[in-house]
Amino acid sequence: MLKRIPRYSFYREKLSVSFSHNIKYFYGVLFLLVFFIPFFISNLYVIHTITLVMLYIILALGLNIIPGFTGLLDLGYVGFYAIGAYTAATLTYHLGEVVGPLSIFTNFWIIMPLAALNGAFWGILLGVPTLRLTGDYFAIVTFGFASLVELIIINEMWLTRGPMGIVMEHKPTLNLAFLYPITHHFYSEPLKFAFKGDIPFFYIIFFVVIITVIVMNRLENSRLGRAWFAIREDEIAAECSGINIMKYKVIAFAISASFGGIAGSIFAFWFKFASPESFKFWESILILCMVVLGGMGSIPGVILGTTVLVSLTEVIRVFLEPWPILVQSRFLVFGAILIIMMRFKPAGLIPLSRVKREMSSRDKSIIGAMDGSFYDITSGEKKLNSDR
Amino acid sequence: MTAEKEILSIKSLTKLYGGVVAVNNVSFDVKEGEILSLIGPNGAGKTTIFNCITGLSRPTNGEILFNDNGKKAEISGKKKTLKPDAITSIGIARTFQNIRLFNNLTILNNVKIGRHPRSKKNFAGAILRTRSQKNEEKDILKSAVRYIVFVGLEGSIMEIASNLAYGDQRRLEIARALATEPKLFLLDEPAAGMNPKETGELMELIRRIRDMGITVLVIEHDMKVVMEISDRIVVLEYGKKIADGPPEEVKNDPAVVKAYLGTD
């Protein structure tokens, strides 16, 4: 296959180096920008859209572990999203009236980790028998899983109320009454917040996004992440480098599923409603598109890709309101965008190679401190000794 | 080097692919500290033996035993066959005939992955960045750099593996395999496609690997390389062993001459 060699551009080189060097500042500026948005923008629709973008960022970063890090095609991610949402919905619905110790399971802060665990549990249960399959076969099984979850939700009326869905009465609360001994100095009442409306959820989701990005970055630069990359690049070579392929694929699947579960539980509390309509197979494809558009495996890329696709949906919805037929066919626009991307930028908006090329300054200092005589990494100069 | 202990014993190994007999009742030992060459015409079953030793294919019959200073392991026997990752962990590393690198990763990361069986921090360590995890990462980095320097690739440590020249890709593969700290190192046609200068450097590298105390088992077609570096040679033809001995002896063995040149 012919590979087009990109024209060398000084500015492009400069940009790519500065981007990978300054990824911390990129995240920092993004953090400040997003954190203060609710202070400047009072339009609730805009806030709502940004919150939605952030929810999808959690989902897309969670999915990214499978096709981006481990190199498997997962079409059933929405199944874990649904499992997370229904963990929240069924717990609050069935235990809503209960008083006593069980009522703790209607607490948002307890449900969120439970949803993650539940997602991971089903991820492992699905992964152990099916991860032996490779390529397209595996993708088909995951597709089946998504449909299976949807069918179970529709048919198990006693648990999920089927197509009617579950209305969530519970609001997340933050009870800081136990801090009263400290807070009474500046506030006379015990601190207790009930979250309702978009702004509190904006901050809850923002907080979870930050944690997700940190976790993903740490995974990427760890032994675990490298094992995934090895599996993605060449399974046989990975095996012969001592990596237990099955084990690491199942771990990837469980972690990815738990992020789907977390996002699902937040979604259920935020929209106060969980129904099988929200977890159609289409949603899986949409999240996968976000990952592919941004650049598989590249964390800033996935964030950008998600932002572009989700906000594009909303933009199209607003601007094309007079022509409903065009609004309904907005997915055609997505398709066109992806085709154009595959033609001109097949590695995504921010390709992985651009992000990961540079060695971090920490690594440089470690190598430098190892043995001054043996290799000066910063100048690229060889200082080889004959005795080694 | 005259160590008498066997590090690897292959006992009546047979491998069938359908009706094709790839390896037919082959037995030989690899002695600790030697460089043993496995030679033979194409299709003689050399790579199949490598695949059986590293667990990539399952022998139809026979035993493979690994003995590292009294630590014995049955790689393949009547009851069970170890998985490739377990075999790497007990100290057998290999390279491939058609180079298998992690193409989109940097050289440093390629070799860091080789440290996998010699480190153990997993999910919790990665997320919490505990002190012990940081120390382990530091060790991984240090030893990875050491192996990169050992094969002489330190000039392009942050280069993407697929951008390397062919000879350098070979050396990177060797560095990655060495990073798993093997006791027995299998090289599958390391000199294929190399020019005489690169071949010379490769022979030097193989000798240095042996001097680290690693036993080397090598498949090679380049007879100059084989005769120069080997302590002992095993010759295969059509899946059968036809000769086994030091280079001078094998060179003059009538069966070997017949296999390579034919008879009139």
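So, how was this worked out
- Residues numbered from 1 in each chain as written.
- Chains lettered and ligands numbered in written order.
- Predicted model: local features only at pLDDT ≥ 70, side-chain atom pairs only at ≥ 80, totals over all residues.
- pLDDT = per-residue confidence, 0-100.
- Contact = placed C-beta atoms within 7 Å.
- Pairing = 2+ DSSP bridges.
- Helix = DSSP H or I, 4+ residues; strand = E, 2+ residues; numbered from the N terminus.
- Axes fitted to C-alpha atoms, helices over the stretch in contact; angles between N-to-C directions.
- Parallel < 35°, antiparallel > 145°, perpendicular 65-115°, else oblique.
- Left-handed = near helix turned anticlockwise from the far one by under 90°.
- Nonpolar A, V, L, I, M, F, W, Y, C, P; charged D, E, K, R; others polar.
- Expected span 1.5 Å × (residues − 1).
- Buried ≥ 20, exposed ≤ 12 C-beta atoms within 10 Å, placed from the backbone.
- Arc of directions from axis to C-beta.
- Domains from an automatic or database assignment.
- Core = buried A, V, L, I, M, F, W, Y, C linked by C-beta atoms within 7 Å.

1. A few points about the confidence of the model for chain A
In step 1: Averaged over every residue, the pLDDT of chain A is 81; the share at 70 or more is 84%.
In step 2: Confidence over residues 372-388 of chain A falls short of pLDDT 50; this stretch has 19 contacts with residues more than four positions distant or in other chains.

2. Things to note about the sheet that holds strand β9 (residues 232-237) of chain B
Residue and element names in this part refer to chain B.
In step 1: The 6 strands lie next to each other as β6-β7-β8-β3-β9-β10, forming an open sheet whose pairing is mixed. Two strands bound the open sheet, and with one partner strand each, they are β6 (92-94) and β10 (240-245). Averaged over all pairs of adjacent strands, the angle between their axes in this sheet comes to 15°, without regard to strand direction.
In step 2: In the sheet, strand β3 (residues 35-39) pairs with strand β8 (residues 215-219) via 4 bridges, with the strands oriented parallel. Its bridge partner lying in β8, Ser37 is registered against Val218.
In step 3: Packed onto the sheet, helix α1 (residues 46-53) meets β3, β6, β7 (184-188), β8 and β9 and runs at close to 145° relative to β7.
In step 4: This element, helix α7 (residues 196-211), spans β3, β7 and β8 of the sheet and lies at about 150° to β8.

3. Digging into the packing of helix α5 (residues 131-151) of chain B against helix α6 (residues 166-178) of chain B
All names here are of chain B.
In step 1: Look at α5 against α6: their axes get within 9 Å of each other, and the N-to-C directions meet at 140°. On the basis of the axis angle, α5 is oblique to α6. At the point where α5 passes α6, the crossing takes the right-handed sense. Here α5 contributes Tyr147, Ile148, Phe150 and Val151 to the contact with α6, which in turn contributes Arg171, Ile174, Ala175 and Leu178.
In step 2: Residue classes in the contact of α5 with α6 are distributed as 7 nonpolar, no polar and 1 charged.

4. Section: α7 of chain B
Residues and elements named next belong to chain B.
In step 1: End to end, α7 covers 23 Å across 16 residues, agreeing with the expected 22 Å (1.5 Å per residue, within 8%).
In step 2: By the burial criterion, the buried members of α7 are Thr199, Leu202, Leu205, Ile206 and Ile209. Taken around the axis of α7, the buried residues stretch over an arc of 115°, which confines them to a single face. Within α7, the exposed residues directed more than 90 degrees away from the buried face are Pro196, Lys197, Glu204 and Asp211.
In step 3: Tucked inside the fold, the buried residues of α7 contact β3, α5, α6, β7, β8 and α8 (223-229).

5. Quick word on the interface of chain B and chain A
In step 1: Contact with chain B, which involves 37 residues of that partner, is made by 34 residues of chain A.
In step 2: Going through the elements one at a time, α2 (84-90), α3 (107-114), α4 (123-128) and α5 of chain B are the ones with two or more residues in the side of chain B that touches chain A.
In step 3: Residue contributions to the side of chain B that touches chain A peak at 5 residues, all from α5 of chain B.
In step 4: Residues that form the side of chain B that touches chain A fall into these classes: 15 nonpolar, 12 polar and 10 charged.

6. With respect to the domain arrangement of chain B
Residues and elements named next belong to chain B.
In step 1: Its domain assignment divides chain B into domain 1 (1-91 + 182-264) and domain 2 (102-181).
In step 2: Computed from C-alpha atoms alone, the centre-to-centre distance between domain 1 and domain 2 is 27 Å.
In step 3: Elements with a minimum of two residues in the side of domain 1 that touches domain 2: α2 and α7.
In step 4: A per-element tally of the side of domain 1 that touches domain 2 places α7 first, with 3 residues.
In step 5: Class assignment of the residues belonging to the side of domain 1 that touches domain 2 gives a composition of 6 nonpolar, 4 polar and 1 charged.

7. With respect to the nonpolar core
When a protein is soluble and globular, its nonpolar side chains tend to lie buried together.
In step 1: Counting 171 residues, the largest nonpolar core has Ala60, Ile287 and Met290 of chain A together with Ile148 and Ala175 of chain B as the members making the most contacts within it.
In step 2: Take this core: its biggest share by element is 16 residues, from helix α13 (residues 245-271) of chain A.
In step 3: Setting aside anything within four residues of it in sequence, one finds Met290 of chain A in contact with Tyr56, Ala60, Val302, Gly305, Thr306 and Leu309 of chain A.

8. Topic: the sheet that holds strand β4 (residues 61-68) of chain B
All names here are of chain B.
In step 1: On the basis of which strands lie adjacent, the open sheet formed by 4 strands has the order β2-β1-β4-β5 and antiparallel pairing. Two strands lie at the open edges of the sheet, namely β2 (20-31) and β5 (71-76), each paired on one side alone. For this sheet the average axis-to-axis angle between neighbouring strands, irrespective of direction, equals 15°.
In step 2: In this structure, strand β1 (residues 6-17) lies alongside β4, joined through 5 bridges in antiparallel fashion. Following the sheet pairing, Lys11 is matched in β4 by Glu63.

9. Considerations on unusual backbone geometry
In step 1: Backbone geometry at Lys272 of chain A places phi at a positive 55°, although glycine is not the residue there.
In step 2: Summarising the element assignment, Lys272 of chain A is placed in the loop between α13 and β4 (273-274).
In step 3: The class of Lys272 of chain A is partly exposed, set by 14 C-beta atoms lying within 10 Å.
In step 4: You will see that Tyr238 of chain B, though not glycine, has its phi angle at about 45°, which is positive.
In step 5: Considering the arrangement of structural elements, one finds Tyr238 of chain B in the loop between β9 and β10.
In step 6: Here Tyr238 of chain B falls in the partly exposed class, since 15 other C-beta atoms lie within 10 Å of it.

10. Some details on the environment of Met112 of chain A
Residue and element names in this part refer to chain A.
In step 1: Inspection of the secondary structure assignment puts Met112 in helix α6 (residues 108-130).
In step 2: In this structure, the C-alpha to C-alpha distance between Met112 and Gly261, residues 149 residues apart in sequence, is 7.9 Å.
In step 3: Once you skip the residues sitting within four places of it in the chain, Met112 turns out to touch Ile262 and Ser265.

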